[in-house]
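Fold and contact review
Spelled out, the chains give:
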Amino acid sequence: MAHELPPLPYAYEALEPTIDKQTMTLHHDMHHGAYVKNLNAALEKHPELAGQSAEDLIRDLNAIPEDIRAAVRNNAGGHVNHTMFWKIMKPKGGGDPSGPIAEVIQKTFGNFNDFKTKFNDAGAKQFGSGWAWLAGKPNGDVQIMSTPNQDNPISQGLYPIFGNDVWEHAYYLKYNNRRPEYLAAWWNTVNWDEINKRFAAFKAGKGVHEPAMAHR
Ligand code: MN3
């Protein structure tokens with residue numbers, strides 16, 4: 001079965017003023033759309049992989065045939081990352097976290113402001129394109145990290161609780177080269193309910209299968 005571009009769960013302009021309509025339109029329809037299209041094109045060469053979820057494909061990249069490994073890494077990665085990204089944002093989002101994610105942030109980083117500073121720093125220092133993450137470790141702890149390109153913590157045996165896209169395509173129209181300004185403003189879009197759902201899945205030991213996407 002072919003991978004599909006999920007619809008944006010709100011209007012293109014819904015995250016304004018933090019993220020503008022044109023950026024959201026291009027980012028979802030063109031960039032995410034291209035990852036899905038290119039992933040399906042790569043998989044046509046290896047129909048034996050057709051039944052695997054995008055998460056499964058990037059979980060063990062060494063298991064992917066070498067002739068499509070880079071394409072799967074970039075495009076299944078891009079598909080997984082953006083499918084998460086749209087859902088962990090929402091109109092009128094932001095504010096302080098609550099529930100279990102607030103507790104683990106306080107326990108691990110001291111307080112929310114220090115956590116945000118460290119997370120934004122990881123995003124600002126990621127050279128070129130990539131992502132900043134809060135990732136879950138196999139022992140149940142969490143850590144801040146960054147990845148280049150469309151790499152996802154799944155490929156390192158970690159759980160992607162949430163991440164922010166620091167590719168220029170995510171912010172350049174509005175913020176130009178001011179990535180730190182975008183990183184600081186982005187918290188106004190965050191959907192803590194969705195992040196708490198992902199954190200609960202991590203804590204429940206559900207691995208990195210997203211219920212909506214796993215099909216095995
Ligand atoms: Mn992107």
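Structure shown above.
Residues numbered from 1 in each chain as written. Predicted model: local features only at pLDDT ≥ 70, side-chain atom pairs only at ≥ 80, totals over all residues. Heavy atoms only, no water.

With respect to the pattern of salt bridges
If you walk through the whole model with that rule in mind, you get five salt bridges. Between Asp 121 and Lys 125 there is a salt bridge, and its shortest N-O distance comes to 3.0 Å. Here the residue Asp 121 and the residue Lys 125 both occupy positions in helix 5 (residues 112-125), the gap between them amounting to four residues, near one helical turn. In this structure Asp 121 comes out as partly exposed when scored by relative accessible area, which is 37%. By relative accessible area, which is 63% here, Lys 125 ends up exposed. Note that Glu 181 and Arg 178 form a salt bridge whose closest N and O atoms lie 2.9 Å from each other. (Salt bridge = Lys/Arg side-chain N within 4 Å of Asp/Glu carboxyl O. Helix = DSSP H or I, 4+ residues; strand = E, 2+ residues; numbered from the N terminus. Buried < 20%, exposed > 50% of the residue type's maximum accessible area, 1.4 Å probe, protein only.)

Things to note about the packing of helix 5 against helix 7 (residues 179-186)
It is the contact of helix 5 with helix 7, at a shortest axis distance of 9 Å, that shows an interaxial angle of 145 degrees. Relative to helix 7, helix 5 is oriented so that their crossing is right-handed. For the pair helix 5 and helix 7, the contacting residues are Phe 119, Asn 120, Gly 123 and Ala 124 in the first and Arg 179, Leu 183, Ala 184 and Trp 186 in the second. A class-by-class count of the residues in the contact of helix 5 with helix 7 yields five nonpolar, two polar and one charged. (Axes fitted to C-alpha atoms, helices over the stretch in contact; angles between N-to-C directions. Left-handed = near helix turned anticlockwise from the far one by under 90°. Contact = heavy atoms within 4.5 Å. Nonpolar A, V, L, I, M, F, W, Y, C, P; charged D, E, K, R; others polar.)

Let's talk about the side chain of Asn 152
Counting through the fold element by element, Asn 152 comes out in the loop between strand 2 (142-148) and strand 3 (159-165). The class of Asn 152 is buried, set by a relative accessible area of 2%. Within polar-contact distance, the side chain of Asn 152 engages the side chain of Asn 81 at 2.7 Å. Among the polar contacts made by the side chain of Asn 152, one reaches the main-chain amide nitrogen of Ile 154 at a distance of 2.8 Å. Those residues in contact with Asn 152, other than ones at most four positions away along the chain, are Ile 58, Val 80, Asn 81, Trp 133 and Pro 160. (Polar contact = N/O pair within 3.5 Å; in protein donor to acceptor, adjacent residues only side chain to side chain.)

Some details on unusual backbone geometry
Residue Pro 17 is bonded to the preceding Glu 16 through a cis peptide linkage, with omega at 5 degrees. Take Pro 17: it is sitting in the segment before helix 1 (21-43). Phi is positive for Lys 92, close to 55 degrees, though the residue is something other than glycine. Turning to its location among the elements, Lys 92 is positioned in the loop between helix 3 (66-87) and helix 4 (99-109). Judged by relative accessible area, which is 83%, Lys 92 ranks as exposed.

Focus on helix 5
Helical geometry note: an α-helix holds 3.6 residues per turn, so side chains three or four residues apart project in the same direction. Over its 14 residues, helix 5 runs 20 Å from end to end, which matches the ideal 20 Å to within 8%, given 1.5 Å per residue. Between a side-chain oxygen at the N-terminus of helix 5 and the backbone nitrogen of Asn 113 the separation is 3.1 Å; the capping residue is Asn 111. (Expected span 1.5 Å × (residues − 1).)

Considering the sheet that holds strand 3
Strand order across the open sheet formed by three strands is 2-1-3, with antiparallel pairing between neighbours. Each having just a single partner strand, strand 2 and strand 3 make up the two edges of the open sheet. On average, each strand axis in the sheet is tilted by 25 degrees relative to the strand beside it, whichever way the strands run. Bridge count between strand 1 (residues 130-136) and strand 2: seven bridges; the pairing is antiparallel. The residue of strand 2 that forms the bridge with Ala 132 is Ser 146. (Pairing = 2+ DSSP bridges.)

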